[in-house]
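A structural walkthrough
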Amino acid sequence: MELLKALLLLSGVFGALAEFCVIPRIDSQLVEKLGQRLLPWMDRLSSEQLNPSIFVGLRLSSMQAGTKEDLYLHSLKIHYQQCLLRSTSSDDNSGCQPKLSGGSLALYLLALRANCEFFGSRKGDRLISQLKWFLEDEKKAIGHNHEGHPNTNYYQYGLSILALCVHQKRVHDSVVGKLLYAVEHDYFTYQGHVSVDTEAMAGLALTCLERFNFNSDLKPRITMAIETVREKILKAQAPEGYFGNIYSTPLALQMLMTSPASGVGLGTACIKAGTSLLLSLQDGAFQNPLMISQLLPILNHKTYLDLIFPDCQASRVMLVPAVEDSVHISEVISVTLKVASALSPYEQTFFVFAGSSLEDVLKLAQDGGGFTYETQASLSGPYLTSVLGKDAGDREYWQLLRAPDTPLLQGIADYKPQDGETIELRLVRW
C-alpha cells in the first residue's frame, strides 16, 4: 500500500513537471473534408504539380486514398528518378529544376520513408548523396563566419537535415553547426517577425538528431537549441491562439508535440492553438495542398518524426470524393490591383465573379493589356517572380498585401479577394 502511494506521488510530481502538447479532438467530418481536398490534386500527375508532401500528409493521417495513393507514389518515383538522372547529365530539363531543390528532394525522401522504404540500393545512395551535396553547397554559401545566406533558405536547410536523419543517415557536424548558429543568433527573424515555419522545421530536425545522438559532440548545443526554438514558438502565439499565423500553426504543433516540457505552459498553449485551428476549419480555411498535408498529421497525433519508424500497417479510413455543390450563378465583385514598386505605378479596378482567386484577377489584368506578370511553380503553389517587367532580385520577393498594409497569408492561387478590396503587389527585401 505504501509503495502504491509512493508511485502515485511520484507520478503526480512528474506530471506537474512535464506537460505534453495535445490538441482537442477535431470533428471527424471536418478532417474528412480536408482529406477530400487532396484527392483532386492526386489526379494531377504532371511534373509541375506533383507534390510529395501530399503523400506524406496522407500516410501520417487517419485516411487513405487506396490505389490512387499507389499511383501517385509511382508517378513521384518516375519523376524524381528521371530528374536526378538529367541533373547529372548535360541534358538540362527546366521542368525538373524546381523539383530538384533541396526542400523538394527532402520531401520526396520523406515520402519514400512514409512508404516504409529503406535505402540500400545505388539509386537510394544517389538520392542521399544529392541531398548531402545540396547541404554542402548551402553551407558554403553561408560561409565560415556565417556572414552569408543559404542559396535557398533555412527552412529547406532544416528540412533536408530532417530527411537525412529520418533515414538514419548521419549529417556532418559542420552542416548541423550552421543550423545551430542560426537558431542561437535569431537568424529566423525577418522584418521584426519570427518565421515560425522555419523555427519549427529547425526544431524537428534537431530533435531527430538528438534522438539518434548522431552528433554527440554537439549534443549540449542541440538540446539548448531545441529549448530555444520551443520558447520562440510559444512566444509567437497570438491572442487568437495560433502560432505566427494560422498556416504556420500545424508545423509549430508538430514540433511542440515531439517532446514534453516543463514550466512553459505547453499544454495550455497547444489546447488554445487547437481551438484556433478548429475555428479556421469551420470557416473553410486550408485549401492549399501543402498546408493541408502539414495539418493532417497532427490531427492524427503524429509528426514527421513518426517517419523514423513508420507504421505502414496502420488502419486508415478510405476517402471518397466529395459531392460537388450544385452550379449557381455567382455575383460580380470589384477588385483593385495596385503596384507602386515599379517604374510606372499601376492601379486598375477589375470586375470578377465572387470566389475568383487573385491569380484570376492577375490573368484578367494581363489579358486586358498594360499589365504583365510572371510566376514560378513551387510545392506551395505559383509565386510571383516579375511584375510589370520588374524581376525580384537576390533576397527580394513580391509581397501580396490587402490595402492599406495587411500581408496576405495565402498565395495568388489560393487567396480569394472580397468585394471592394484593393490588393497591392509590393517588391520587398528579406
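For clarity, every value in this text was computed on a predicted model and none was experimentally measured.

Let us look at the overall build of the protein chain. Counting its regular elements, the protein chain contains 14 helices and twelve strands. Radius of gyration (C-alpha) of the protein chain: 23 Å, near the 22 Å computed for a compact globule of 430 residues. Taken along its principal axes, the extent of the C-alpha atoms in the protein chain is 80 × 50 × 45 Å. Classification of the 430 residues of the protein chain by burial places 47% in the buried group. Looking at the protein chain alone, contacts between residues at least 24 apart form 69% of all its contacts between residues at least 6 apart. For the protein chain, the exposed surface amounts to about 20800 Å²; the carbon and sulfur share of it is 53%.

Moving on: the pattern of salt bridges. Scanning the entire structure with this criterion turns up twelve salt bridges. Between Glu-69 and Arg-59 there is a salt bridge, and its shortest N-O distance comes to 2.7 Å. Here Arg-59 lies in helix H3 (residues 52-59) and Glu-69 lies in helix H4 (residues 67-87), a separation of ten residues in the sequence. Per residue, the accessibility class of Glu-69 equals that of Arg-59, and both read buried. Note that Glu-184 is salt-bridged to Arg-221, the shortest N-O span being 3.0 Å. With Glu-184 in helix H8 (residues 173-184) and Arg-221 in helix H10 (residues 219-235), this residue pair connects regions lying 37 residues apart in the sequence. Assessed through its relative accessible area of 36%, Glu-184 is described here as partly exposed. The exposure class of Arg-221 is partly exposed, given its relative accessible area of 33%. Several salt bridges share partner residues, and in doing so they unite Arg-59, Glu-69 and Arg-316 into one network.

With that settled, the discussion passes to the confidence of the model for the protein chain. Here the protein chain averages 90 in pLDDT, and 91% of its residues register 70 or above. Taken together, the stretch residues 1-15 has pLDDT below 50 and engages in zero contacts with residues farther than four places along the chain or on a different chain.

In this section: the sheet that holds strand E8 (residues 383-387). Pairing is antiparallel in the open sheet, where three strands are placed in the order E7-E8-E9. The sheet terminates laterally at strand E7 (373-376) and strand E9 (390-391), the two strands that pair on one side only. Taken together, the two bridges between E8 and E9 define a ladder with antiparallel strand orientation. Directly across from Val-387, in E9, lies its bridge partner Lys-390.

Quick look at the sheet that holds strand E12 (residues 422-429) now. With mixed pairing, five strands are arranged side by side in an open sheet as E6-E5-E12-E10-E11. The two strands at the open ends of the sheet, each matched to only one other strand, are strand E6 (346-353) and strand E11 (406-407). With seven bridges connecting them, strand E10 (residues 396-402) and E12 associate as antiparallel partners. Bridging across to E12, Glu-396 finds its partner in Arg-429.

Parameters and conventions
- Residues numbered from 1 in each chain as written.
- Predicted model: local features only at pLDDT ≥ 70, side-chain atom pairs only at ≥ 80, totals over all residues.
- Heavy atoms only, no water.
- Helix = DSSP H or I, 4+ residues; strand = E, 2+ residues; numbered from the N terminus.
- Rg over C-alpha atoms; globule rule 2.2 N^0.38 Å.
- Buried < 20%, exposed > 50% of the residue type's maximum accessible area, 1.4 Å probe, protein only.
- Contact = heavy atoms within 4.5 Å.
- Areas by Shrake-Rupley, 256 points an atom, 1.4 Å probe, with all protein chains shown as cover.
- Salt bridge = Lys/Arg side-chain N within 4 Å of Asp/Glu carboxyl O.
- pLDDT = per-residue confidence, 0-100.
- Pairing = 2+ DSSP bridges.

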